[in-house]
Amino acid sequence: MNFTNLFKIAVRAIAANKMRSFLTALGIIIGIASVITMLAIGQGTKKSIKDNISEMGSNMIMISPGSDDHGQGGVRQDASSMETLKETDYEAIKDECDYISAISPTVSSSGQWINGNQNWPSTIYGVNTDYLTIRQLSVDDGEMFTDKDIKTNAKVCVLGQTIVDNLFPNGEEPVGRVVRFGSIPFRVIGVLKKKGYNSMGMDQDDLALAPYTTVMKRILAQTYLGGIVCSATTEEASEPAQNQIEQILRRTHKLKDATDTQEADDDDFNIRSQEEISSMMDSTMTTLTILLGSVAGISLLVGGIGIMNIMYVSVTERTREIGLRMSVGARGIDILNQFLIESILLSVTGGIIGVLLGVGISLGIQYFAHMTMVIEPWSIILSFAVCTFTGVFFGWYPAKKAAQLDPIEAIRYE
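To start, this report covers the structure provided alongside it. Just so it is clear, the structure is predicted and the values come from calculations on it, not from any experiment.

### Comments concerning the packing of aromatic side chains
And step 1. Applying the stated criterion across every chain yields a total of 4 aromatic pairs.
And step 2. Taken together through their ring pairs, the aromatic side chains of Trp113, Phe181 and Phe186 make up a single cluster.

Quick look at the structure:
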C-alpha cells in the first residue's frame with residue numbers, strides 16, 4: 001500500500017472523529033502556544049533589562065560605600081561603614097584615573113516638592129555637571145547649574161518633567177520660579193528633557209537635580225558622599241578603570257595590602273560597572289527563560305500522552321477494521337504507518353495552530369499590556385520540532401500494537 005493511500009485513510013479516520021481529534025490536538029496546541037509565549041516573555045524581559053542598562057550609560061561605573069560582604073556571618077554593618085566615601089576620594093579619582101571621561105559625586109534625599117497648594121513626593125539628587133553626560137540626560141528648557149553654584153552651595157535645581165507636570169498643572173513656566181523641597185526653597189533654573197517610562201515601567205522623569213554640596217549641607221547635613229558615578233572612556237576601558245579606582249581608594253582610605261605577616265584589609269567600598277550588572281542580569285534571565293520554557297514544556301508532554309491515549313482507544317475501536325485490512329493483503333508495516341501518520345497529523349496540525357496562537361498571544365500581550373515581547377525564530381522551530389517528535393514518539397507504541405495484531409483474532413474481535 002503506497003504512502004498516498006495511507007495518508008488518505010489517516011485523514012478520513014481523523015475526519016470521522018472531528019471532536020475527538022480536536023481535543024487530542026488541543027494538548028499540543030496549548031503546549032506549543034505556552035512554550036512560545038513563555039519564551040517570548042523571557043527574551044523580552046532580558047531585552048528590557050539590557051535596554052534599561054544601556055539607557056543609563058553602557059560605560060557607567062558606580063562606586064558605593066560599605067564592604068561587599070555586608071558584614072561577617074550576615075551581621076549588618078554599623079552606620080559608619082556607609083560613610084566611607086568623601087569628597088577627597090572623588091577629587092583623587094578625578095585627578096588620577098586615566099580611563100574615565102566624566103565623574104560625579106552623588107547624594108540623594110526623598111521628600112515632598114511643594115509649589116503653593118501643589119505638592120509631589122519625589123527624590124532630589126545631588127550631583128555635579130558631569131552627571132548629565134554620565135546618565136545621558138539633557139536640559140530641554142533653561143540651563144544646568146554651574147561649577148560656581150556647586151562651590152557656593154546655591155539653592156538651585158533642575159526638575160524632571162513629572163515633577164513639573166504635578167507642581168505646575170496649569171502649564172505655567174517653571175523656570176525662574178521658586179519651589180520648596182520640604183522647608184528649603186529652590187529656584188528652578190532648568191527642566192530636563194522628557195525620557196518617559198523605561199521598559200520596566202519606571203518613570204525616568206520623576207527626579208530633580210541640584211548641586212551635591214547643597215544637598216549635602218542644606219538638606220542632609222552630612223560630610224560624606226552617598227556614592228560616586230563615572231563613565232569609562234570606552235566599554236573596553238571599564239575593567240582597567242575599575243582596577244585603577246580600586247588602587248586609588250585603597251590608598252586614600254589607608255587600607256593595608258597583604259604582607260608575609262598579615263592579610264590585606266578588606267575594601268570598605270564597592271565598585272560595579274554596567275557591563276558587570278548586564279552580564280549578571282543576562283545570566284539570571286537566561287536561567288529564568290529556561291525555567292519558563294521547561295514549565296510550559298510539561299504541557300507538551302501532557303499533550304503527547306493524550307495522543308498516545310487516543311491512539312490506544314482508536315486501535316481498540318478499529319480492531320476489526322485492522323483485521324479486515326490485513327486479511328486482504330495489508331502488511332504489518334502498512335498498519336503501523338497508517339497509525340503513525342494519524343498521530344503525526346494530529347501533532348503537526350496542533351503544532352501549526354499552537355504556533356499561530358502563541359505568536360498571537362505574544363503580540364496581544366505586547367499591544368495591550370505594553371510588555372516587551374521577543375519571539376525568537378528558534379523558539380518556533382524548536383517547538384515545531386518537539387511537537388513532530390511527540391507525534392512519532394507517542395504514536396509509535398499504539399501503532400506497533402496495531403501492526404502486531406493477529407488478523408484472525410482481529411476479525412473475531414467484538
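### Concerning the pairing of strand 2 (residues 100-115)
And step 1. When strand 2 meets strand 9 (residues 227-232), the two strands line up antiparallel, connected through 6 bridges. Along strand 9, the bridge assignment pairs Ile100 with Ala232.
And step 2. In this sheet, strand 3 (residues 118-127) lies alongside strand 2 in antiparallel orientation, the contact comprising 9 bridges. Pairing of Trp113 across the sheet is with Trp120, part of strand 3.
And step 3. The hairpin turn running from strand 2 into strand 3, its antiparallel successor, is 2 residues long, and Gly116 in that turn takes a positive phi close to 65°.
And step 4. Across 2 bridges, the pairing between strand 2 and strand 6 (residues 178-181) is antiparallel. Counted as the bridge partner of Trp113 is Phe181 from strand 6.

### Considering the pattern of salt bridges
And step 1. In this structure the tally under the stated criterion is 3 salt bridges.
And step 2. A salt bridge links Arg250 to Asp267; the shortest N-O distance between them is 2.5 Å. Of this pair, Arg250 sits in helix 8 (residues 238-252) while Asp267 is found in the loop between helix 8 and strand 10 (269-273), placing the two residues 17 residues apart along the sequence.
And step 3. On the accessibility criterion, Arg250 (12% relative accessible area) is buried.
And step 4. In this structure Asp267 comes out as partly exposed when scored by relative accessible area, which is 22%.
And step 5. Salt bridges sharing common partners tie together Arg250, Asp257 and Asp267.

### Here we look at empty space enclosed by the protein
Over the atoms a probe the size of a water molecule is rolled, and this reveals where empty space is left.
And step 1. Overall, the coordinates contain 1 cavity of 30 Å³ or more when judged by the stated rule.
And step 2. Space inside the largest cavity adds up to approximately 80 Å³.
And step 3. Contributing to the lining of the largest cavity are Ala13, Ile14, Asn17, Arg20, Ser21, Ile310, Met311, Ser314, Arg318, Glu342 and Leu346.
And step 4. Looking at the lining of the largest cavity, the elements with two or more residues in it are helix 1 (3-16), helix 2 (18-55), helix 9 (274-317) and helix 11 (332-368).
And step 5. With 3 residues, helix 9 is the single largest residue contributor to the lining of the largest cavity.

### Some words on helix 11
And step 1. Helix length check: helix 11, at 37 residues, gives a terminal C-alpha distance of 53 Å against a target of 54 Å (1.5 Å per residue), a fit within 8%.
And step 2. Just past helix 11, the residue His370 takes up positive phi, approximately 55°.

### Digging into helix 12 (residues 377-403)
And step 1. The terminal C-alpha atoms of helix 12, which comprises 27 residues, lie 38 Å apart, in line with the 39 Å expected from a rise of 1.5 Å per residue.
And step 2. Where helix 12 is concerned, the buried positions are Ser379, Ser383, Cys387, Thr390, Gly391, Phe394, Gly395, Pro398, Ala399, Ala402 and Ala403.

### A closer look at unusual backbone geometry
And step 1. Residues other than glycine seldom take positive phi values, yet Asn153 does so here, at roughly 55°.
And step 2. Note on placement: Asn153 falls in the loop between helix 5 (147-151) and strand 5 (156-159).
And step 3. In this model, Lys254 sits at a positive phi of 55°, which is unusual for a non-glycine residue.
And step 4. Within the secondary structure, Lys254 is located in the loop between helix 8 and strand 10.

Cut-off values and rules
Residues numbered from 1 in each chain as written. Predicted model: local features only at pLDDT ≥ 70, side-chain atom pairs only at ≥ 80, totals over all residues. Heavy atoms only, no water. Phe/Tyr/Trp six-rings, centres within 6.5 Å; stacked < 30°, edge-to-face > 60°. Pairing = 2+ DSSP bridges. Helix = DSSP H or I, 4+ residues; strand = E, 2+ residues; numbered from the N terminus. Salt bridge = Lys/Arg side-chain N within 4 Å of Asp/Glu carboxyl O. Buried < 20%, exposed > 50% of the residue type's maximum accessible area, 1.4 Å probe, protein only. 1 Å grid on protein atoms, 1.4 Å probe; cavity = no way out; pocket = protein on both sides within 12 Å on 5 of 7 lines; lining within 4 Å. Points joined across faces, edges and corners; volume = space filled by probe spheres on them. Expected span 1.5 Å × (residues − 1).

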